[in-house]
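# Geometric and topological summary
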Amino acid sequence: MMTREEARERIAALSEELEQHNYNYYILAKPTISDYEFDMKLEELARLEHEFPEFLLPSSPTQRVGGGITKEFQSVKHRYPMLSLSNSYSKEDIEEFINRIKKSVEGEVEFCCELKFDGLSISLQYEDGVLTRAVTRGDGMQGDDVTTNIKTIRTVPLRLHGDFPAFFEMRGEVVMPFESFDKLNEQRIEQGDDLFANPRNAAAGTLKLQDSREVARRRLDNYCYYMMMDGLEGRYQTHYESLQAARRWGFNISNYMAICKSVEEIFGFINYWDVKRHELPFAIDGIVLKVNSYVQQQILGFTAKSPKWAIAYKFKAEEVETELQSVDFQVGRHGTITPVANLSPVLLAGTTVKRATLNNEDFIKQFDLHYGDTVTVVKGGEIIPKIIGVNFDKRQVGALPVEFTKVCPACGTELIQHEGEAAWYCPNAQACPPQVKGRIEHFISRKAMNIESLGEGKIELLYDEGLIKDVADLYSLTYGKLFGLAKEIPVLDENGIETGKTRKVSFKEKTAQNIIDALEKSKSVPFERVLFALGIRNVGEVVAKTIVAEYHDINAIMNASVEDLSAINTVGEVIAQSVKAFFENPVNLDIVERLKAAGLQFAKAEVQQSEKPQVLAGKTFVVSGVFTHYSRDGIKAAIEAHGGKNASSISSKTSYVLAGENMGPEKRKKAESLGIPIISEEEFDKMIGDATTEKLVPENQKEQNDQLSLF
Ligand code: IVH
């Protein structure tokens with residue numbers, strides 16, 4: 001039996017040795033021991049760690065086989081925002097980029113040309129040489145902590161070697177190599193799971209798995225392309241140098257990089273990889289150019305979204321000719337009918353294509369599509385490929401033209417067209433099955449109510465069983481109703497076509513209970529997401545947030561006129577009309593009432609808690625200028641806390657214009673011409689009888705104000 005001290009030493013030595021072998025194998029591709037020997041050592045390490053759990057390190061090579069389960073990924077703020085790159089598609093775009101840079105900086109400019117990996121960006125944080133956290137891009141400001149899953153990727157170093165800085169971040173891409181992708185999809189066919197459309201989607205799906213053991217099995221890969229830390233430019237002079245250092249510490253840095261100084265050199269690299277990319281074991285979708293010198297990068301700076309010193313050149317989508325066999329018509333959740341072409345299967349950009357979208361009737365007419373036509377298909381980043389042309393020379397004699405259906409393929413209702421729109425709609429919104437199911441699927445989706453335990457065919461089953469006819473019915477589901485339900489449903493391939501195989505969807509004890517729990521939990525989902533979940537046409541996530549920022553509860557939104565709504569910044573007339581139409585429909589009102597009764601959030605949290613006297617009820621304010629005791633958001637919050645409403649532009653419906661310093665002259669003119677009283681901050685304070693109480697400044701606003709005062 002080993003002593004504790006011996007165990008500690010052996011664990012440390014084995015960890016060190018195994019990580020070195022891992023590096024030799026996966027990064028250098030030069031293994032120095034056999035797989036068998038490696039496995040034996042790993043087994044020994046796992047055994048010792050099991051016996052002496054106090055010596056199990058977060059960076060142990062045993063973590064790579066997975067095992068950890070992440071119930072819910074924690075959302076964490078990025079220390080440095082994760083920006084994206086601006087895109088370019090032509091030599092002219094690149095020339096313009098280079099000229100702009102040469103005008104802004106002095107001296108010669110070198111560009112580091114790199115592959116643009118087609119995967120998911122990841123931020124890897126290292127403290128004292130140990131991987132401490134891996135975070136997905138998310139919205140660029142905050143992402144999900146996926147550390148446990150990332151540790152299973154063999155090319156992500158868990159512990160570094162050499163002269164690494166004490167704290168820094170590496171940015172890179174998680175990709176799924178074609179080999180892993182093909183294997184995964186083959187397995188999914190066998191298991192009766194829907195297939196992934198491309199390696200990027202498969203990588204994204206894999207990183208979000210709760211079971212890291214399964215992540216480990218799927219064999220993701222990682223390439224790093226950017227280092228971030230405070231004072232980086234004091235350590236290295238160029239981006240290229242920093243990546244070479246990172247390679248020495250253990251990171252997987254692509255060998256395919258070049259320093260170029262002219263458009264010709266850059267295009268030499270681009271054209272080479274446009275052809276050679278097909279020989280790479282993973283997907284790339286372009287080339288990234290970065291100004292190499294850190295001094296020059298700093299001079300160039302950033303826009304809100306991307307660095308000005310870098311640009312992505314996107315390869316043209318690959319094209320291929322194939323035959324149009326037939327056309328299906330699909331019904332979306334808003335009743336829009338989309339024609340979809342069934343094609344003779346053809347290999348394109350690494351996957352077999354069997355379908356392409358035809359958009360709408362105009363598209364079919366534009367190409368004068370006939371059955372049996374030879375069409376050119378392209379595949380960009382999107383899941384479903386597009387038809388971009390027809391080879392008329394190959395049209396068969398007697399070929400029949402593609403006619404757009406006049407009735408709904410799902411429920412047989414005669415289709416309608418809205419004036420000025422190319423799309424056809426099925427007007428049977430309440431009873432057309434794909435529309436109803438589509439709305440429910442949207443409602444439960446992650447960014448809406450996040451009732452994911454209801455995904456993957458379960459809605460279909462509940463709908464077919466007559467248990468849910470609309471989203472409100474979800475809340476009358478009980479464990480008793482769910483438990484034991486089961487059905488065989490068709491398995492779809494990567495093109496969304498039935499494979500002929502089926503899989504069983506069933507509600508066992510755990511599934512049924514998870515669903516009931518998730519439904520209960522969804523009752524605290526904030527109002528803006530509930531509004532988004534309702535599936536109002538044209539009301540996406542951002543619009544829902546914008547509307548809720550102005551109108552804090554559902555009644556206020558329902559009572560707002562089209563004019564009021566379209567006065568909200570970025571909410572145009574079209575969106576306003578959709579909102580109005582939605583709430584004028586008694587069926588929707590009934591759903592909202594039932595959802596309210598079920599306990600969902602239909603008001604913004606802080607308004608619900610407001611205990612202020614509602615002295616401004618029925619009054620609409622337009623706030624303009626700068627205030628002494630309030631931030632702009634603070635004064636708006638005060639209006640709403642006292643029952644008033646905010647509007648962003650002055651109309652005959654405005655009750656008061658609340659003017660601070662520097663109110664715009666246009667606003668003043670408009671208010672005066674409509675005879676709307678303009679009141680000051682002091683008058684407002686008197687109105688709410690609150691002159692002496694503390695002003696409402698939201699936490700985040702306080703911070704912003706502090707920052708503003710620095711300038
Ligand atoms: S640099 C601040 N380099 O492309 C600059 N990005 O469209 C950070 N990507 O979000 C990005 N290969 O996920 C950079 N060699 C490369 C890249 C690369 C792929 C991805 C990355 C980024 C996206 C932008």
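About the thresholds
Residues numbered from 1 in each chain as written. Predicted model: local features only at pLDDT ≥ 70, side-chain atom pairs only at ≥ 80, totals over all residues. Heavy atoms only, no water. Pairing = 2+ DSSP bridges. Helix = DSSP H or I, 4+ residues; strand = E, 2+ residues; numbered from the N terminus. Axes fitted to C-alpha atoms, helices over the stretch in contact; angles between N-to-C directions. Contact = heavy atoms within 4.5 Å. Core = buried A, V, L, I, M, F, W, Y, C linked by side-chain atoms within 4.5 Å. Buried < 20%, exposed > 50% of the residue type's maximum accessible area, 1.4 Å probe, protein only. Near = heavy atom within 4 Å. Polar contact = N/O pair within 3.5 Å; in protein donor to acceptor, adjacent residues only side chain to side chain. Areas by Shrake-Rupley, 256 points an atom, 1.4 Å probe, with all protein chains shown as cover.

### Here we look at the sheet that holds strand E5 (residues 130-136)
Taking strand neighbours across the sheet as the criterion, the 4 strands line up as E5-E4-E7-E8 in an open arrangement whose pairing is antiparallel. Among the strands making up the open sheet, the edge pair consists of E5 and strand E8 (221-228). The average angle at which neighbouring strand axes cross in this sheet is 30°, direction not considered. The pairing of strand E4 (residues 120-127) with E5 spans 6 bridges and is antiparallel. What sits directly across from Glu127, in E5, is Val130. Sitting on the sheet, helix H6 (residues 199-207) is in contact with E4, E5 and strand E7 (167-175), with an inclination near 45° to E4. Where helix H9 (residues 239-249) meets the sheet, it contacts E7 and E8, and its direction lies at approximately 130° from that of E8.

### Details of the nonpolar core
By size, the foremost hydrophobic cluster in this structure holds 73 residues, and its most contacted members are Leu124, Ile150, Met170, Phe251 and Ile266. In contact with Ile150, not counting residues within four places along its chain, are Ile122, Leu124, Leu131, Ala134, Val156, Val174 and Leu207.

### Notes on the environment of Asp274
Relative to the assigned elements, Asp274 resides in helix H10 (residues 263-276). According to the relative accessible area criterion, Asp274 is partly exposed, its value standing at 26%. Taking the C-alpha atoms as reference points, Asp274 and Ala197, separated by 77 residues in sequence, lie 22 Å from one another.

### Quick notes on the site of the ligand
If you check the shell around the ligand, you find Leu83, Leu85, Glu114, Leu115, Lys116, Phe117, Ser121, Glu173, Tyr225, Val288, Lys290 and Pro307 and nothing else. The contact in question runs from a nitrogen atom of the ligand to an N or O atom on the backbone of Leu115, over 3.0 Å. Between the ligand and Ser121, the relevant distance is 3.3 Å, taken from an oxygen atom to a side-chain nitrogen or oxygen of the residue. Protein chains shield 90% of the accessible area of the ligand, which is 520 Å² for the free molecule. Looking at the shell around the ligand, the elements with two or more residues in it are strand E3 (111-117) and strand E10 (284-291). Top element by residues in the shell around the ligand is E3. It accounts for 4 residues.

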